[in-house]
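Secondary and tertiary structure notes
Here's the letter readout for the chains.
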Amino acid sequence: MLEPVKDTTGAPFWEYAARGELRVQACADCGELRFPPRPCCPHCQSFAEEWRPVSGRGRVWSYVVPHPPLLPDYAAQAPYNVVVVELEEAPRIRLVGNLVTVAGAPLNSLDPGRIRIGARVHVVFADGLPQWVLS
Amino acid sequence: MTLKDATAIVGIGRTPFARHLAEDERTLACRAVLAALDDAGIAPGEVDALASYTMEETDEVELAKAVGLGDLTFFSKAGYGGGGSCATVAHLAAAIASGQASVGVAWRSRKRGSGPRPWTNTTVQLPTPAQWTRPFGLLRPADEIAMLTRRYLHEYGATRDHLFNVALACRNRANQNPAAIMYDRPLTREMYMSSRWISEPLCLFDNCLETDGALACVLVSRERARDCPNTPVYVHSAAQGLPAQHHGMVNYWNDDPLTGPAWTAARHLWKHADFTPQDVDVAQIYDAFTSLVPLSLEGYGFCGRGEGGSFTEGGALEIGGRLPINTSGGGLSEAYVHGFNLIDEGVRQLRGTSTAQVPDATTCLVTAGEGVPTSALLLTNRS
Ligand SMILES: [Zn+2]
């Protein structure tokens, strides 16, 4: 599987994820959340940042079911789902992930027929990666 | 100074298109450039400007010395792969109109049919923004655009039949074009609906071809164009588009992911044009995936937001319809050469030499890739 290659701006997200926490970068001056992380606030141009814990609850904004040809590790699990989840408290923050049956389950563990746009989900963690389960 | 009709495309050239061509990309580039110069009646030594776009492996130095170009005073490369196709012509038009050069050549050479797939090269692309997508198996452009497509279908009630209408229009035109890879391969609704998935909701026929081939075009000033053998095709308006808070391919992080770069390019394009979407006779719309077409129809103002799917009904995209598109077959059925074939086909339509000619066409919109920072051209033969 592809490990995330962390850039310096994104590294805190992955450090929190490794501890089982979902946090999103926020402006320490105006408070705006932003994703993906970046060095400067597009709202007020401040370089001051903080990493704000979020509830980990959200809704499915969209999803796809990739079929081969794919990179080998992914082809072995295909067809699987990839979802975009919009966070409950900040719908404009949308995270790409996978909807699984339980934390650590394979990418194809949930029948794609059970996925609906708008479905309520919440975050779990496995091996430092956030995953999502149906609420 | 204005760009409007100040320059014209006076030469086009291409190699054959195939899944596999024996020659390498540089050789194909040389052949396309020489064919375009020959079509324009201009000697290679007169060329002083070049423009290409990123993911082009043949660089200016190699091309110029191989085909014997003159001293170059302008060269540029537009970014973002397929989003840069029309920008090459726009950059040359600006350079010629502002006196930085006099004869410009734009080109594209690709061996996507027999060469490596860019998405297999994962490590170099992972840090930003791929760290947020690739680990979860969102790997290929098809997966990224399928995500947008699913949301588009959901939000507007568009259907797979609308996507089929796009695929069919392109295939029908390819069936009229002997140079198209799908020249002799008709498409039916049953074939479309029963084809294999690539990334649900996108099936095989929603995806462009994988093609080897090269194309080029030649630009000169309006005055110089009168001395060239073919009908001049004027660059009436041109624009690039990179919207605020855009994220290439995976625009899900934008406040409004379903209004993409086309909307930004369109605002500038129409602001500087003497005509409107209602006056466009034929359009060449970037079609790496079928769903980019309804998004572009909305973005460029042919219909309202959310109406791109229903716009495709009733044969609207076919010859004789409201807006014939991709009259050489497009990326879906002629060849996928990062959209450059759409530019050359736009020129053929306005010369009156297309294999699927729209009668008396005088205006043509050509667009580059939607979903990435993009570019577009309005072409006309009205002098
Ligand atoms: Zn701020």
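Preceding block: the structure.
Rules used in this analysis
Residues numbered from 1 in each chain as written. Chains lettered and ligands numbered in written order. Predicted model: local features only at pLDDT ≥ 70, side-chain atom pairs only at ≥ 80, totals over all residues. Heavy atoms only, no water. Helix = DSSP H or I, 4+ residues; strand = E, 2+ residues; numbered from the N terminus. Buried < 20%, exposed > 50% of the residue type's maximum accessible area, 1.4 Å probe, protein only. Contact = heavy atoms within 4.5 Å. Areas by Shrake-Rupley, 256 points an atom, 1.4 Å probe, with all protein chains shown as cover. Core = buried A, V, L, I, M, F, W, Y, C linked by side-chain atoms within 4.5 Å. Donors = N, O, S within 2.8 Å, 3.2 Å for Na, K, Ca; no water. Tetrahedral: all angles 85-135°; square planar, octahedral: opposite > 155°, others 65-115°. Salt bridge = Lys/Arg side-chain N within 4 Å of Asp/Glu carboxyl O. Pairing = 2+ DSSP bridges. Axes fitted to C-alpha atoms, helices over the stretch in contact; angles between N-to-C directions. Buried area = accessible area lost by both parts, 1.4 Å probe. Polar contact = N/O pair within 3.5 Å; in protein donor to acceptor, adjacent residues only side chain to side chain.

Let's talk about the overall build of chain A
Of regular secondary structure, chain A possesses two helices and seven strands. In chain A, the succession of helices and strands from N to C terminus is α-β-β-β-α-β-β-β-β. Its C-alpha atoms give chain A principal-axis dimensions of roughly 45 × 30 × 25 Å. Taken across its 135 residues, chain A has 53% of its residues classed as buried. Within chain A, counting contacts between residues at least 6 apart in sequence, those at least 24 apart form 52% of the total. Put simply, chain A shows about 6,000 Å² of open surface, and 51% of that area lies on carbon and sulfur atoms.

Points about the nonpolar core
Of all hydrophobic cores here, the largest spans 137 residues; its most connected members are Trp-132 of chain A together with Ile-9, Val-235, Tyr-252, Leu-297, Tyr-300 and Leu-365 of chain B. A per-element tally of this core places helix α3 (residues 85-97) of chain B first, with eight residues. Setting aside residues no more than four positions away along its own chain, Ile-9 of chain B makes contact with Val-89, Cys-217, Val-218, Leu-219, Thr-231, Pro-232, Val-233, Val-235, Ile-343, Val-347 and Leu-379 of chain B. Ile-42, Leu-63, Cys-228 and Tyr-234 of chain B belong to the second-largest nonpolar core, a separate cluster that totals 29 residues.

Quick notes on the coordination of the zinc ion
All names here are of chain A. At 2.3 Å from the zinc ion lie its protein donor atoms, namely Cys-27 (SG), Cys-30 (SG), Cys-41 (SG) and Cys-44 (SG). Considering all four donor atoms around the zinc ion, angles at the metal cover 101 to 116° and the coordination shape is tetrahedral. One chain supplies every donor for the zinc ion, spaced along it as C-x2-C-x10-C-x2-C. With a relative accessible area of 34%, Cys-30 lands in the partly exposed category.

Thoughts on the pattern of salt bridges
One pass over the structure, following the stated rule, counts 24 salt bridges over all chains. A salt bridge links Arg-57 of chain A to Glu-88 of chain A, with the nearest nitrogen and oxygen atoms 3.2 Å apart. Taken together, the positions of Arg-57 of chain A in strand β3 (residues 57-66) and Glu-88 of chain A in the loop between β4 (82-87) and β5 (90-97) put the pair 31 residues apart, joining distant regions of the chain. Sharing partners across several salt bridges, the network here consists of Arg-151, Glu-155, Asp-256 and Arg-305 of chain B.

Side note on the sheet that holds strand β1 (residues 7-14) of chain B
All names here are of chain B. Pairing within the open sheet is mixed, and its nine strands lie in the order β3-β2-β4-β7-β1-β8-β11-β10-β9. Of all strands in the sheet, those bounded by a partner on one side alone are β3 (74-78) and β9 (282-284). Each strand of the sheet is rotated relative to its neighbour by a mean of 25°, with strand direction disregarded. Of the strand pairs in this sheet, strand β2 (residues 49-53) and strand β4 (residues 103-111) are connected by three bridges, and their pairing is parallel.

Side note on the environment of Leu-3 of chain B
Residues and elements named next belong to chain B. Examined against the element boundaries, Leu-3 turns out to sit in the segment before β1. For Leu-3, a relative accessible area of 24% translates into the label partly exposed. Excluding residues that lie within four positions of it along the chain, Leu-3 makes contacts with Ala-93, Ala-94, Ala-97, Val-235 and Ala-238.

Quick word on the interface of chain B and chain A
One frequent convention defines the size of an interface as the accessible area lost when the parts assemble. Contacts between chain B and chain A engage 35 residues on the former and 39 residues on the latter. Carbon and sulfur atoms make up 64% of the area that chain B and chain A hide from each other, which totals about 3,400 Å². On the chain B side of the interface with chain A, the three residues burying the most area are Trp-132, Phe-136 and Met-147 of chain B, jointly 23% of the side's total. Between Arg-92 of chain A and Asp-255 of chain B there is a salt bridge, with the nearest N and O atoms lying 3.1 Å from each other. One can count 21 residue pairs in polar contact (both at pLDDT 80 or more) joining chain B with chain A. Contributing elements (two or more residues each) for the side of chain B that touches chain A: α4 (141-156) and β5 (197-200) of chain B. It is α4 of chain B that contributes the most residues to the side of chain B that touches chain A, seven residues altogether. Alignment of β3 of chain A against β5 of chain B, held across two bridges, turns out to be antiparallel. The partner of Pro-66 of chain A across the bridge, within β5 of chain B, is Ser-199 of chain B.

By themselves, these figures tell us nothing about what the structure is for.
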